[in-house]
Structures are given as C-alpha cells and as structure tokens.
Amino acid sequence: MEQAPQRYAVVTGANKGIGIEIINNAGIGGLVIKDNDLVPQVLFQSRELSDDVIEKAGIVQTFELAEECLQINYYGAKRTSEALLPFLQLSESPRIVNVSSSLGKLKCVSNEWAKGILGDAENLTEERVDEVLNEFLKDIKEGCLERKGWPKVLGAYIISKAAMNAYTRIVAKKYPTICINSVCPGYVKTDITANTGILTAEEGAASPVKIALLSNASSGLFYSQNEIAKAKPCSLSVNCSKFIKLRWKILHKVVTGANKGIGLEIVRQLASNGVKVVLTSRDEKRGLHALKTLKDLSGFVLFHQLDVADPASVASLADFIKSKFGKLDILVNNAGVSGVVIKDTDLLPSLILKGEELSDDEIEKARSQTYELAQDCLQINYYGAKRTSESLLSLLQLSDSPRIVNVSSFLGQLKCVLNEWAKGVFKDADNLTEEKIDMVLNEFLEDFKEGRLESKGWPKAISAYVLSKAALNAYTRILAKKFPTFCINSVCPGYVKTDMTSNTGFITVEEGAASPVRNSYEDCLEWGLEDEKFFT
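Residues numbered from 1 in each chain as written. Predicted model: local features only at pLDDT ≥ 70, side-chain atom pairs only at ≥ 80, totals over all residues. Heavy atoms only, no water.

K.L.:
Summarise the overall build of the protein; cite the residues concerned and give the values.
P.N.:
In terms of regular secondary structure, the protein is built from 19 helices and 12 strands. A buried classification covers 57% of the 536 residues belonging to the protein. Accessible area of the protein: about 23,400 Å², with a carbon and sulfur share of 51%. (Helix = DSSP H or I, 4+ residues; strand = E, 2+ residues; numbered from the N terminus. Buried < 20%, exposed > 50% of the residue type's maximum accessible area, 1.4 Å probe, protein only. Areas by Shrake-Rupley, 256 points an atom, 1.4 Å probe, with all protein chains shown as cover.)

K.L.:
Tell me about the packing of helix α15 (residues 371-396) against helix α17 (residues 434-449), residues and numbers included.
P.N.:
Between α15 and α17, the shortest axis-to-axis distance is 10 Å and the interhelical angle comes to 165°. Relative to α17, the element α15 lies roughly antiparallel. Taken as a pair, α15 and α17 cross one another with a handedness that is left-handed. Together, Y371, A374, Q375, L378, Y382, Y383, K386 and E390 of α15 and E434, I437, D438, L441, F444, L445, F448 and K449 of α17 make up the contact between the two elements. A breakdown of the residues in the contact of α15 with α17 according to their chemical character gives 10 nonpolar, one polar and five charged. (Axes fitted to C-alpha atoms, helices over the stretch in contact; angles between N-to-C directions. Parallel < 35°, antiparallel > 145°, perpendicular 65-115°, else oblique. Left-handed = near helix turned anticlockwise from the far one by under 90°. Contact = heavy atoms within 4.5 Å. Nonpolar A, V, L, I, M, F, W, Y, C, P; charged D, E, K, R; others polar.)

K.L.:
So, the sheet that holds strand β6 (residues 276-281): which residues are in play, and what are the values?
P.N.:
Here six strands make up an open sheet; going across it, the order is β7-β6-β5-β8-β11-β12 and the pairing parallel. Edge positions in the open sheet fall to β7 (301-305) and β12 (487-491), since each of these has one partner strand only. Pairwise comparison of adjacent strand axes, ignoring direction, gives a mean angle of 15° for this sheet. Across four bridges, strand β8 (residues 330-333) lies against strand β11 (residues 403-407) in parallel orientation. Among the inter-strand pairings, N333 is bridged to a residue of β11, identified as N406. Packed onto the sheet, helix α12 (residues 311-324) meets β5 (252-255), β6 and β7 and runs at close to 150° relative to β7. (Pairing = 2+ DSSP bridges.)

K.L.:
Hey, could you go over α17 for me, with residue numbers and the actual values?
P.N.:
An ideal rise of 1.5 Å per residue puts 22 Å on 16 residues; α17 measures up with 22 Å between its terminal C-alpha atoms. Among the residues of α17, E434, I437, V440, L441, F444, L445, D447 and F448 are the ones counted as buried. In an axial view of α17, the angular spread of the buried residues amounts to 165°, which keeps them on one side of the axis. Facing away from the buried side of α17 by over 90 degrees, the exposed positions are E435 and K449. The first or second residue beyond α17 is G451, which carries a positive phi of 70°. (Expected span 1.5 Å × (residues − 1). Arc of directions from axis to C-beta.)

K.L.:
Please give an account of the pairing of β7 that cites residues and values.
P.N.:
Taken across its five residues, β7 has four buried, putting it largely inside the fold. Sheet analysis places β6 next to β7, joined by five bridges and oriented parallel. The residue bridging T280 from the neighbouring strand is H304, located in β7.

K.L.:
Which residues make up the pairing of β8, and what are the values?
P.N.:
Here β8 shows two buried faces, one formed by I330 and V332 and the other by L331 and N333. Across three bridges, the pairing between β5 and β8 is parallel. In the strand pairing of β8, V255 is matched with V332.

K.L.:
Outline the nonpolar core, listing residues and values.
P.N.:
Counting 74 residues, the largest nonpolar core has I321, F426, I437, F444 and L467 as the members making the most contacts within it. If you count residues domain by domain, this core takes at least three from each of domain 1 (8-228) and domain 2 (252-520). What I437 contacts, discounting residues up to four positions off in sequence, is Y382, F426, A471, A474, Y475 and I478. I96, V109, A156 and Y157 belong to the second largest nonpolar core, which has 40 residues in total. (Core = buried A, V, L, I, M, F, W, Y, C linked by side-chain atoms within 4.5 Å. Domains from an automatic or database assignment.)

K.L.:
Just give me the short version of the environment of R387, but keep the residues and values in it.
P.N.:
Mapped onto the elements of the fold, R387 is located in helix α15. For the pair R387 and P311, spaced 76 residues apart in the sequence, the C-alpha separation amounts to 7.3 Å. Setting aside its immediate chain neighbours within four residues, R387 contacts V308, A309, D310, P311, V314 and Q379. Polar contacts involving the side chain of R387 include one to the side chain of Q379, which spans 3.3 Å. (Polar contact = N/O pair within 3.5 Å; in protein donor to acceptor, adjacent residues only side chain to side chain.)

K.L.:
Provide a residue-level description of the packing of aromatic side chains, including the pertinent values.
P.N.:
Counted under the stated rule, the structure contains nine aromatic pairs. Between Y382 and Y475 the ring centres are 6.0 Å apart and the planes differ by 85°, which places this aromatic pair in the edge-to-face class. With Y382 in helix α15 and Y475 in helix α18 (residues 463-482), this pair connects stretches of sequence that are 93 residues apart. Considered together, Y382 and Y475 belong to a single accessibility category, that of buried residues. An angle of 75° between the planes, with centres 5.9 Å apart, marks the rings of F444 and F448 as edge-to-face. Taken as a pair, F444 and F448 lie in helix α17 at a separation of four residues, close to a single helical turn. The residues F444 and F448 share a single accessibility class, namely buried. By way of ring pairs, the aromatic residues Y371, F444, F448 and W458 are connected into one cluster. (Phe/Tyr/Trp six-rings, centres within 6.5 Å; stacked < 30°, edge-to-face > 60°.)

Below you can see the structure in the form of structure tokens.
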C-alpha cells in the first residue's frame, strides 16, 4: 500500500488557547475590558451598549491598541501568508485557514462606505482594504468613530476580521489552486474572551482543523461553527440561512412553538423550499397572526392550535394531521420556556453563558425562579416534546423518511448537569430509560420544593431549563434506539436573539433556524446524537 505523503503545517499564535490546540490564528482584541463580567455583553451587544455600560465595563480602546490590532489580526496574517505562498505552491493540496470571527461579518461593519467596499467582491483589492483600514485609523485618531458610523466598541477587532475575510476572497481568487477559507471557531473560553466562552479550546480548535483537513473543500468562503459541524460552507457574500432548494416530493412537517422566534423562522425556511408545514402555537390568536406574516407562503403553511402540555390538545393535532395528510414526515419539537423570570437583562448573557460561576447575589439580581416555574418548564420543554412525539409516531411511521428534530440547548449538555448522580443516569446510554429520566426529574423537583438545589449539587442559575434540555437529549437517544428507521436528533441552534434571551443573543433567528432546518432534511446525519456528538 502506497504511503500517503507527509504534510506540514504552520500555526501562528499557537502558544495558548485555540492556537495550541490546532493555521493563521494569531490575534488580539484591540481593547481592554476591566470588568470581565460584562465581556459577554460587550461581545454580543456592542452596537446597543449605552455609554453608562461602556463606562461600567471599563473599556479602554486607544489609537495604539487599534493600530496593533490591525497589524496583528490582518496585516500579520497577510504578511505570513505572502511569505509562505511559494512553499504552499509546492504542495499537492495547499491550504490556508484564516481564523476569523462572527464579528467580522459585513453586518457588523456599521460604516456603510466600508461595508460597500468590503462587500464588493468583483472589485475588491488589497489596496481597497488598505484604504478602509487607513480611514478607520484616521477616524479613531481624530475621535470621530461614532460620528463616522464605525462600531463604537470593538471597532478595531471587527474591522480587522472583516478585512481578513475580504483578503480571504482576494487570495482565493488570485490562487485558484490553493484552498483558502476563513473560519469562526465559535465563542471559546480563551484569554481574549476572559474565559467567558461556551466552548473549550479543544472544541473551538476542531473547526479550523476540520477545514484544514476537509477533502474537496471550496475556496474563498467563510465558515461559521454551525456550518463546519456539517461541513457546509456559506459564501462571504451569501446569507448563511439560505440553502439549496430541495429537490423532493412534497413533505409534511409540524413545528411546535412556531408563532415567533426560531420556530416561526423554521416554518418560513422550510415552506420556502416546498415543504408543507403545520405552524402550531399555544395561543391561537398569536398563531393566526404569525400565519398572516407568511401570507406569501400560504400554499405551504397551515395553522393548528397546540398546547404541548395538554394531552387533549396534542391528540387534536394528531387527528388533524391524519385527516389532512394521512401521514407526517418531519416533527420539530421547538416549543419551550426558560423556567425563570429575568429581572436584569444586562446580566442575562452572564447568567446564560457562565451562570454557575456567578455569586448568589448576582444570580438573584438577574433572575427569579420558583417551583411552579420549574414544574412548567419541565412540562413544556421535556414532557411536551415527549407527548407530541409519542402522539405523532404512528403518522411518522407512514413516511418514507421520518424525522424528529428536538430543539435543545448547549445548556443541556451533560457537563452542565452538576448533580453527579443525575449526570451518571443520563450518561449511561446502554441502560437509559424513560423511567430513569422521570426519576431524575422527580428528584430534582423534590429538592427544588424543599430548597435543597445547591446542597444536592443541582444547577442553580437556570436550573429547570438545564434539566429539561438534558432530559430531552436523553430522550432523543432512547427514541432513536427504539425506532432505528427514524432519524431523530437534538440540535442546539446557538445563542439566538429571541424573546427568551431578551434579544441578547449573538446570532439572528435566521441563522439559529438554519441548524434545525438542515437536520430536518439532510441525508448524511448520524442518529440519536447527544452530548459530545451534539449538533450545534
């Protein structure tokens, strides 16, 4: 057997974090944030931050920091690439992977003139990129960033990554035999994020590594972490939520909790591609209003009232599907609640992303949770999805390609279940049963009622939500094992701007819906994935 040729790689900025795990990775933030608790808010709500919050965060951004940021993040990557191009051209499969950021997308470049230049793919040149960066530096030096429409926080970082994405397109066009792409590794726990991320360095590094090793990869593209998980690129000039038109016969699908947010967008994306979708909502008035917003897709969208916590309501939906279509192809269990009442939206990103690290005072300031809210959360997020799935199973079995997509959360991963006994029950895939899930949830509710959450080691920040999503992931595995002809998976849509997150998320509903939609129709999925193999 002929031995594969030895391959060689250079990784910049690799003394720690993502770099040491993995590629053009060297980068800095371009500012100083003194209050680490506000880092998530600064990263994901930079355009909405008030001057008071900016002052509270202790943000320091100077001309010198901005200049250094551009020199390292953009010119450093460019300089290194150009120096190594002659050697890359000697390779049989040359690759350049530029580690970028979601903040480098054109929608984050608020200066319309700069956005126009960086978005003009046909006329894009290195000189024009330089022109944008020089103008930005001149404006920051003269103190007129906000007046000129530049991002007022993280400006240098955003512009440096947008420039890197632009350069990726230029070089890919100039060297068609080299595979050159930009990649966002996700929100990673590193020094640059003050370790506030939701992914480990190992998880963050997986994305650039996969792109570096992916066979037959396209070039000149930007890959988000969600896209890399499925090895599906999105062009820098194309909205990531758009996908190839389905070439299928008409399919029939139910989406729960679909009167707004991610659910409504899932309906929109699937109906736009020829899938007959039943939009459901607990509140009939809101559901009918949502239906009106999709009037241009009226031939593909129907409404039916559904309260997943009410067995009679679920049975009524099943009767409706049976009489209307005779079968069901896809079920998306999206209905969900948070199980808490948010009191301070400014603290919500910290509560979601690093809740267990917050003090009791900070948690109490951010949210309130009661036994009744916890009970309701489990009834809707877990038992509601289970009840709906079981009611529609007989109709799904009549499909040629039955699918169930459970919209879950990264908070439902086993590492977020702090109670070791519960984690052990959920982790034991071979012996996992619905009865064991009930046992965990009943124990949790009992401890909640008796005020023993912390002493028993349960999550304290968003307790019921974490348990409900962990239970949903566990149920996904049970159901996938029980129905091997079905494709059944859990998927995390990401930290999305919705009512549930008080619009503090860092991706739009269009981007968040893209993952559940892909899981609804792609043929290449493994089934019953959860935890380490959890779709994001």
